[in-house]
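# Residue-level structural notes
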Amino acid sequence: MSLIFGAGKIGYAVALALKKRGKKVVVLDKNMEALSRVEGIGCKTYLFDFTKSFNLIGIDITSFREIVITTSNHKVNIEALKIVRELNKEALIIINAPSSDHISILKKLGADFVITPDRSIAQIIINQLELSIYWRNKDLLKKILSKAKSLAIIMHDNPDPDAMSSAYALKTIAEDMKVVTDIYYGGDIGHEGNKMMIDLLKWNFKKIPEHRKYILKEYDKIALIDMPNLSNTSISTSELRPDIIIDHHYTEGEKINAELVDIRPKVGATATIMTSYLRDFNIEVNEQLATGLLYGILVDTDNFKRSFEKEDIDAVYYLKPKINKELLNIIENPNISSRTLEVLSKAISNKKIYDKFVISNVGYVETRESLSQSADLLLKLEGITVSLVIGIIEDHAYISARSRDHIIDISKVITKTFSKMGSAGGHMNFAAAKISLGAFSYTEDRDVLVRIVGDTISDYFFKTLKLNIKGSI
Ligand SMILES: [Mn+2]
């Protein structure tokens, strides 16, 4: 519930905004006419003339979580602040003051925020200016792309996740406008996690050796992503002129030259800027791109430990429902070999979820290790308490299972199900089994074998699981 002192222009506007957000609002004023206006928008009102005497009879000040003090009389405002802060230590109090000179004294008296016309207007102008520049840039990007048939996006040498995801975002926007787009880089993508990211997100970047950099001349338009000029790349030629520059690094103005320059030095990542374009162009962001962009923001802000802006938070908020959490998890924890990674990615794509159980059949693998890593990973899924991963090594099927369910002793379930067919064992939270494929040797086709083995194992597993849940084992 919110309380507003003053039903004048500001009080009315605040009341209206709060009502639109579904809040209960109580407004106090000495003017009957003003009160009937706020009553008209659904607020509860009380008539008080604080200039005569200050009492709040009939109002339980402790019941309000937000209190806005905005009468036209500064002395009344100060008096109201002192009294309500005394009666309610928890509420958020926002007060209106005639100028910035009053801020410190009002804060001392207990105001959480002091609003002054000079500061508010300056802030509105700045916000509007930034917004207008951005909307102009957005129109400009559309104009440039609509005139182009082909676009080359250049990332800095040894590109990082921010550069790669941002480049892919721009490619997505350009391709949406039917522009043929390729992404280039010089140097190397060395970091294991970055290579993994490209593999998993199924991205395609073209490395240009220095002696072939002339191919960039064949493109109608050139864009630089996550770098402000050509000094960060080894693949530029002296004739190359960028048309688009989108970046977040601070650079001196004279070094930047392009038709569209969108450089926001305060923003934590170029991926944040690209997310705003995707959002405002209304372009569908698939889970690979969303995951990549979010990872780019996390890396460049060092998981929000470095400086960032509200825009970065807005971008994360926009991307969050679109990402693939398992992919992000793998990209963030790259200390695994690329073979294991293939198994993990198979485990994710083949997973089948039944209630709180997840089963995945990954087929032929090279190590048992990769199966247990897959089972660990799948157990991290939201709402999942038991994971089971099936794989084949040579002529044996291997099963790796995990449980964080306090009523399911996974070792009991696995032993009960598979010990007769082979070997099985484990503990309350993890278990494994090994079964000879002799019984399935009638099929020559590897794919058919993988499917039959997987289906048989899951059937048996579920039968025992039901017994376990009933308490029969
Ligand atoms: Mn960056």
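Residues numbered from 1 in each chain as written. Predicted model: local features only at pLDDT ≥ 70, side-chain atom pairs only at ≥ 80, totals over all residues.

The protein chain is annotated in an unreviewed UniProt entry as Putative manganese-dependent inorganic pyrophosphatase of Candidatus Methanofastidiosum methylothiophilum.

## Describing the overall build of the protein chain
Across its full length, the protein chain holds 15 helices and 18 strands. What you see for the protein chain is a C-alpha radius of gyration of 31 Å, clearly larger than the 23 Å of a compact globule of 473 residues, by over 25%. Considering only C-alpha atoms, the protein chain reaches an extent of 100 × 75 × 35 Å along its principal axes. Residues counted as buried form 41% of the 473 residues belonging to the protein chain. (Helix = DSSP H or I, 4+ residues; strand = E, 2+ residues; numbered from the N terminus. Rg over C-alpha atoms; globule rule 2.2 N^0.38 Å. Buried ≥ 20, exposed ≤ 12 C-beta atoms within 10 Å, placed from the backbone.)

## A short note on the domain arrangement of the protein chain
Partitioning the protein chain into domains gives domain 1 (2-115), domain 2 (128-326) and domain 3 (337-470). In this structure, domain 1 and domain 3 have C-alpha centres spaced 63 Å apart. (Domains from an automatic or database assignment.)

## Observations regarding the packing of helix 9 (residues 287-300) against helix 11 (residues 325-332)
Axis angle and axis distance: for two packed helices, these are the angle between their axes and the distance between the axes, and together they describe the pair. Relative to each other, helix 9 and helix 11 sit at 40°, their axes nearing to 10 Å. For the element pair helix 9 / helix 11, the angle class is oblique. Where helix 9 crosses over helix 11, the handedness of that crossing is right-handed. Here T291, L294 and Y295 of helix 9 lie close against helix 11, whose contacting residues are L327, L328 and I331. Each residue belonging to the contact of helix 9 with helix 11 can be placed in one class, and the counts come to five nonpolar, one polar and no charged. (Axes fitted to C-alpha atoms, helices over the stretch in contact; angles between N-to-C directions. Parallel < 35°, antiparallel > 145°, perpendicular 65-115°, else oblique. Left-handed = near helix turned anticlockwise from the far one by under 90°. Contact = placed C-beta atoms within 7 Å. Nonpolar A, V, L, I, M, F, W, Y, C, P; charged D, E, K, R; others polar.)

## Examining helix 3 (residues 74-87)
Spanning 14 residues, helix 3 covers 20 Å between terminal C-alpha atoms, matching the ideal 20 Å at 1.5 Å per step. Taken together, the buried positions of helix 3 are N77, A80, L81 and V84. Projected down its long axis, helix 3 shows its buried positions confined to an angular sector of 105°, all on one face. Helix 3 presents K75 and E86 as exposed residues on the side facing more than 90 degrees away from its buried surface. (Expected span 1.5 Å × (residues − 1). Arc of directions from axis to C-beta.)

## What about the nonpolar core?
Buried together is how nonpolar side chains tend to be arranged in soluble globular proteins. The biggest cluster of nonpolar side chains holds 98 residues, and the ones touching the most others in it are I153 and I399. Counting the residues that make up this core, at least three belong to each of domain 2 (128-326) and domain 3 (337-470). Residues within four places of I153 in sequence aside, it is in contact with A167, L170, K171, T181, I183, Y184, A223 and I225. Judged by nonpolar contacts, the second largest core, of 31 residues, contains V25, A91, I95 and L106. (Core = buried A, V, L, I, M, F, W, Y, C linked by C-beta atoms within 7 Å.)

## Observations regarding the sheet that holds strand 10 (residues 221-225)
The strands making up a sheet are joined through hydrogen bonds of the backbone, oriented either antiparallel or parallel. With respect to topology, six strands assemble into an open sheet ordered 9-8-7-10-11-12, the strand pairing being parallel. Where the open sheet ends on each side, the last strands, each with one partner, are strand 9 (206-207) and strand 12 (260-263). Note: strand 8 (residues 180-185) against strand 9, two bridges, orientation parallel. Within the sheet, the bridge partner assigned to Y184 lies in strand 9 and is K206. This element, helix 6 (residues 161-176), spans strand 7 (150-155), strand 8, strand 10 and strand 11 (244-247) of the sheet and lies at about 170° to strand 7. Its contacts with the sheet place helix 8 (residues 270-280) against strand 10, strand 11 and strand 12, and it is angled at close to 120° to strand 11. (Pairing = 2+ DSSP bridges.)

## Considerations on the sheet that holds strand 16 (residues 396-403)
If you walk across this open sheet you meet the six strands as 13-14-15-16-18-17, and the pairing is mixed. Taken across any chain shown, the strands that pair with only one partner, and hence form the sheet edges, are strand 13 (352-354) and strand 17 (422-426). On average, each strand axis in the sheet is tilted by 15° relative to the strand beside it, whichever way the strands run. Here seven bridges tie strand 16 to strand 18 (residues 430-436), and the two strands are oriented antiparallel to one another. Looking at strand 18, one finds that H396 is bridged to S436. In the packing of helix 14 (residues 410-418) onto the sheet, contacts are made with strand 15 (386-393), strand 16, strand 17 and strand 18, and the angle to strand 17 comes to roughly 170°.

## Quick look at the pairing of strand 2 (residues 25-29)
Most of strand 2 sits inside the fold, with five of its five residues counted as buried. Across the two faces of strand 2 the burial is the same, with V25, V27 and D29 and V26 and L28 all buried. Examined bridge by bridge, strand 1 (residues 2-5) and strand 2 share four bridges and lie parallel to one another. Its bridge partner lying in strand 2, S2 is registered against V25. Traced from strand 1 through helix 1 (residues 9-20) to strand 2, the parallel crossover comes out right-handed. At this point the chain moves from strand 2, through helix 2 (residues 32-40), to the parallel strand 3 (residues 44-47), and the crossover so formed is right-handed. (Right-handed = clockwise from strand over helix to strand, strands pointing away.)

## Thoughts on the environment of S372
Residue placement: S372 occurs in helix 13 (residues 368-379). Taking the number of C-beta atoms within 10 Å as the measure of exposure, S372 has 17 and is therefore partly exposed. For the pair S372 and A401, spaced 29 residues apart in the sequence, the C-alpha separation amounts to 7.4 Å.

## Section: the UniProt feature "domain: RCK N-terminal" (unreviewed entry) in the protein chain
The feature "domain: RCK N-terminal" (unreviewed entry), as given by UniProt, occupies residues 1-116 in the numbering adopted here. Across residues 1-116 one finds 35% helix and 22% strand; the C-alpha atoms that close the span lie 24 Å apart. (UniProt positions renumbered as here; feature names shortened; annotations may be inferred.)

## As for unusual backbone geometry
One non-glycine residue, N158, lies in the positive phi region at around 50°. Note on placement: N158 falls in the loop between strand 7 and helix 6. With 16 C-beta atoms counted inside 10 Å, the residue N158 sits in the partly exposed group. For N282, which is not a glycine, the phi torsion comes out positive at approximately 60°. If you trace the backbone, N282 turns up in the loop between helix 8 and helix 9.

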